[in-house]
Amino acid sequence: MATETSPLIHPSAMDQGEARRQTAATGVLLVVLTLERLAYYALATSFLLFLNKGPWDGSEAWNTLEAMNAVFVLAAVSYMSALLGGYISDAWLGRFKTMVLGFLMYIGGYILLTLIANKQLPRQMCSFGQHCTLSNSTDCDGLIEMEDRAGAPCKTAVYVAITVVGLGVGTVKSNIAPFGAEQLRTGNPQRMRSFFNWFYWCINFGSLVGVSAISYIEQDCPGICSNGFYCGYLIATICLGVSLTLFVVFYPCYYCARPEGSIMGNVARIIWEATKAQVQHWRSPRPNNALNPLHLEPQFLDRAKVRYGGSFHESAVDDVRSLGKLFVVFIALIPYWLVYFQMDSSFQIQGLHMRFSFYSSNGTGPVGPSEGEFSVPAAWLTLFNQLFLVAAIPILTSLLYPRLDRAGIRVSMLFRIGLGMLFSLLAVMSAGGLESYRTYLWRNDNSTHIEQLVGNVTYNAVNISIFLQVPQYMLVGAAEAFASIAGLEFAYSAAPRTFQGMIMGLFYTMEGIGSLLGTVLLQAVGPFWFSNKTDFGNINDNHMDFYLYFLGVIQFITLCIYCVTLYMQRFSLQPLALPQTPGDSSTSVGGRFYVDPAQDCERNPMTDSIEEEEEENEEEEEREEEHNLPSSSSQDTKPLLT
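So, a few notes on the structure that sits alongside this text. (Residues numbered from 1 in each chain as written. Predicted model: local features only at pLDDT ≥ 70, side-chain atom pairs only at ≥ 80, totals over all residues. Heavy atoms only, no water.)

Across its full length, the protein chain holds 18 helices and 7 strands. A total of 642 residues make up the protein chain; the buried ones form 50% of that total. Summarising the internal contacts of the protein chain: among those between residues at least 6 apart in sequence, 78% fall at separations of at least 24. Element-wise, carbon and sulfur atoms account for 61% of the exposed surface of the protein chain, whose accessible area totals about 30,200 Å². (Helix = DSSP H or I, 4+ residues; strand = E, 2+ residues; numbered from the N terminus. Buried < 20%, exposed > 50% of the residue type's maximum accessible area, 1.4 Å probe, protein only. Contact = heavy atoms within 4.5 Å. Areas by Shrake-Rupley, 256 points an atom, 1.4 Å probe, with all protein chains shown as cover.)

If you want it as structure tokens, here you go:
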């Protein structure tokens, strides 16, 4: 008979059941992630080619500037909506319901794109090869006419589709990783690391299939698939449907935490209270010696603290202040994201005007798959970026970084971000140099001109191999291995525990802002460097190389400011609100106390909290070992999400 000391179910049976539940839940989520990433990269890597080629005739396809803008909008919405998805999950719906909502938007947008690719939208929403004339003006919509003239047919329908898809992508992206980690319900660092390793592997596997197989179908229309983009988008839609079905069917296996509200309201209230106090201080400056015996002027956010007359605890205000330091680093990464998103826009446009085939052409006629020779899809060049990352990250993690640590060389996260910016600069300048060489041949050597057939569209290309783009894709991969991963690690490590979810959403949002600024930049330089719109997708008579060089200049200036700022923060005098005592190495200047940089040259305010936390964890482990207690420091271990 069961008593208080003899449970009805034996603990080992409970452990086995819980282990099976966790295995089923995490396994299904990894399959869901793989199918979702396949669908996303099937769209993102070939979307520019779809707009240049797509269901419309060559003379009616989107021009280069409009197509690149649409690509930037897709990426921007996908990344910027991550913060919104995280907020909805934390404050209202919870992760499961939010992900279901995201998948429904995802599938709805993809269905609209599939209908566009197959010319099945009503004429009121999209016109395919129908031009308005005086005789049929009553049957045509004025908006459609303006869109066709602007070099962007079906513009409204396309932008609605990519906006809905982007909202779905961001909502799913911001929740699937933490939802998967919640299923483990353990602080075991080995299990967490194993889950996130498989998580990263599934992202890359899904992207590889989406870029290679689906992009090949979309570009070359093999076998019975006469409409490549319709077949590709239909396959991706089916994958999303299967993904949502699996996700919902396995609901009984999930551990679903209830939403506990968002801390964004507290952040806003702290900033608002500090602002009111600062304005009041400007109007009537009266120092309160009782609250501030050292006569130190409090900083802006400090005015919201209790000891300065505010209503918030010091730790809460300090957590908000740390967001400002993170925000500065995220802003410095925006030019890096501008270059990163060129892989889906200008790099592909450049590749479409280079030779796809492995062997040189004599330039006597259109070159394409109809000649029986395999041609390389332009989107396949991103595979070099992904393969480089898959190979480089284990080498960095298992070989390079441990050897540097043993040699006493500490490669900090901020240093790796700067190194990634440098590789990003080299990548975009390499692309600009290649474009200058390509356009030089086009304008000065007619023997290099070829007509390259891609589906039903003919591109005026230069007879140089598309594989010359490999270095710029691999340089972007090197930049990603340092800056992207270090940025994620910094977001996890430097953020307060109470803000980590919001900080990850903010990190993805800043990526989206970088993509959106790419659209703004294109609109600004378009009249100067993309003024010739004689045909769709044509860059031969424009100056895309100037645009790439301009991105390089922006990245170079940002890198210089970033390095100077880090140097000044590392070796500048640090104000301390402490009374001076005999024998210390600080200096008093005007009532403030400063640390001598010669005595504290290793101090870095942006990583002090990380180092102090590590020291506290080590001391706690030592105390627990002395008392033969199980270590609890694993609860604070944060796996690196890539």
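More follows now that the structure is in view.
Among the 9 residues that make up strand β4 (residues 457-465), 7 are buried, leaving the element largely enclosed by the rest of the structure. In terms of strand pairing, strand β1 (residues 354-355) meets β4 through 2 bridges, oriented parallel. The partner of Arg-355 across the bridge, within β4, is Ser-465. (Pairing = 2+ DSSP bridges.)

This part takes up the environment of Leu-551. Relative to the helices and strands, Leu-551 is located in helix α17 (residues 544-571). Here Leu-551 falls in the buried class, since its relative accessible area comes to 2%. Sequence spacing of Leu-551 and Leu-338 is 213 residues, and the spatial spacing of their C-alpha atoms is 7.5 Å.

Moving on, we come to the nonpolar core. Looking at soluble globular proteins, one finds that nonpolar side chains tend to be buried together. Counting 143 residues, the largest nonpolar core has Phe-47, Tyr-110, Tyr-233, Phe-247 and Tyr-547 as the members making the most contacts within it. Among the elements that take part in this core, helix α1 (residues 11-44) stands out by supplying 14 residues, more than any other. Each residue touching Phe-247, except ones within four places of it in the same chain, is listed here: Leu-29, Val-32, Phe-96, Met-99, Val-100, Phe-179 and Tyr-254. With 7 residues, the next largest nonpolar core counts Ile-393, Tyr-401, Ala-481 and Ile-485 among its residues. (Core = buried A, V, L, I, M, F, W, Y, C linked by side-chain atoms within 4.5 Å.)

Turning next to the environment of Glu-182. Residue position: Glu-182 is located in helix α6 (residues 155-184). Glu-182 gets classed as partly exposed once you look at its relative accessible area, which sits at 22%. Along the backbone, Glu-182 and Ala-257 are 75 residues apart, and their C-alpha atoms lie at a distance of 8.1 Å. Every residue in contact with Glu-182, bar those within four places of it in the chain, is listed here: Arg-95, Tyr-255 and Ala-257.

Compared with the 28 Å implied by 1.5 Å per residue over 20 residues, the 29 Å span of helix α9 (residues 264-283) between its first and last C-alpha is a close match. Of all the positions in α9, only Val-267, Ile-270, Glu-273, Ala-274, Gln-278 and His-281 are classed as buried. Axial view of α9: buried residues confined to an arc of 135°, hence all on one face. Structural note: α9 exposes Trp-272, Gln-280 and Arg-283 on the side pointing more than 90 degrees away from its buried face. (Expected span 1.5 Å × (residues − 1). Arc of directions from axis to C-beta.)

Our focus in this paragraph is unusual backbone geometry. Unlike most non-glycine residues, Lys-119 shows phi in positive territory, near 55°. Tracing the backbone shows Lys-119 in the loop between α4 (95-117) and α5 (142-149).

What follows is about a nonpolar patch on the surface. A surface patch of nonpolar side chains, about 450 Å² in accessible area, is lined by Phe-550, Val-553, Phe-556, Ile-557 and Ile-561. Position of Phe-550 relative to the elements: it lies in helix α17. Residue class for Phe-550 comes out partly exposed when judged on its relative accessible area of 31%. (Patch = residues over 30% accessible without salt bridge, like charges linked within 9 Å, V, L, I, M, F, W, Y side chains within 5 Å. Salt bridge = Lys/Arg side-chain N within 4 Å of Asp/Glu carboxyl O.)

The next point concerns the pattern of salt bridges. Close approach of charged atoms allows side chains with opposite charge to pair. Scanning the model with the defined rule gives 9 salt bridges in all. Between Asp-302 and Lys-305 there is a salt bridge; the shortest N-O distance is 3.1 Å. The pair formed by Asp-302 and Lys-305 is uniform in burial state, with each residue classed as buried. Here Arg-307 and Glu-314 are joined by a salt bridge, their closest N and O atoms 2.7 Å apart. Counted as one network, the salt bridges with shared partners bring together Asp-302, Lys-305, Asp-318 and Arg-321.

This part covers the environment of Ser-89. Tracing the chain through its elements places Ser-89 in helix α3 (residues 64-93). Once the C-alpha coordinates of Ser-89 and Thr-171 are considered, the two residues, 82 residues apart in sequence, prove to be 8.9 Å apart. The contact partners of Ser-89, leaving out residues within four places of it in the chain, are Gly-94, Arg-95, Thr-98, Asn-175 and Pro-259.

Moving on, we get to the side chain of Asp-302. As for its placement among the helices and strands, Asp-302 is situated in the loop between α9 and α10 (314-332). Reaching out from Asp-302, the side chain makes a polar contact with the side chain of Arg-321 at a distance of 2.4 Å. Here Asp-302 is in contact with Tyr-308, Val-317 and Arg-321, once residues within four sequence places are set aside. (Polar contact = N/O pair within 3.5 Å; in protein donor to acceptor, adjacent residues only side chain to side chain.)

Here we come to the packing of α3 against α4. For the pair α3 and α4, the least separation of the axes is 8 Å and the interaxial angle reads 135°. What the angle tells us is that α3 and α4 run oblique. Considering how the two elements wind past one another, α3 and α4 form a crossing that is right-handed. Facing Gly-85, Ile-88, Ser-89, Asp-90 and Leu-93 of α3, the residues of α4 in contact are Arg-95, Lys-97, Thr-98 and Leu-101. In terms of residue class, the contact of α3 with α4 is built from 3 nonpolar, 3 polar and 3 charged. (Axes fitted to C-alpha atoms, helices over the stretch in contact; angles between N-to-C directions. Parallel < 35°, antiparallel > 145°, perpendicular 65-115°, else oblique. Left-handed = near helix turned anticlockwise from the far one by under 90°. Nonpolar A, V, L, I, M, F, W, Y, C, P; charged D, E, K, R; others polar.)

Angle between the axes and distance between the axes: these two values describe a pair of packed helices. Close contact between α4 and helix α8 (residues 228-249) brings their axes to 9 Å; oriented N to C, the two are set at 160°. Considering their axes alone, α4 and α8 lie roughly antiparallel with respect to each other. For the crossing formed where α4 meets α8, the hand is left-handed. For the pair α4 and α8, contact is made by Phe-96, Met-99, Val-100, Phe-103, Leu-104, Tyr-106, Ile-107, Tyr-110, Ile-111, Leu-113, Thr-114 and Ala-117 and by Phe-229, Tyr-230, Tyr-233, Leu-234, Ala-236, Thr-237, Leu-240, Gly-241, Ser-243, Leu-244, Phe-247 and Val-248, respectively. When its residues are assigned to classes, the contact of α4 with α8 shows 20 nonpolar, 4 polar and no charged.

Enumeration over the complete set of coordinates arrives at 30 aromatic pairs. Summarising the aromatic geometry, the rings of Phe-96 and Tyr-254 are spaced 6.0 Å apart at their centres and angled 50° between planes, so their arrangement reads as tilted. Of this pair, Phe-96 sits in helix α4 while Tyr-254 sits in the loop between α8 and α9, placing them 158 residues apart in sequence. Taking relative accessible area as the criterion, Phe-96 reaches 15% and is therefore assigned buried. For Tyr-254, a relative accessible area of 8% corresponds to the buried category. Ring centres 6.0 Å apart and planes at 75° place the aromatic pair Trp-529 and Phe-546 in the edge-to-face group. Of this pair, Trp-529 sits in helix α16 (residues 500-529) while Phe-546 sits in helix α17, and the two are 17 residues apart along the sequence. Members of the aromatic cluster, each reached through a chain of ring pairs, are Tyr-79, Phe-330, Tyr-336, Trp-337, Tyr-340, Phe-341, Phe-507 and Tyr-508. (Phe/Tyr/Trp six-rings, centres within 6.5 Å; stacked < 30°, edge-to-face > 60°.)

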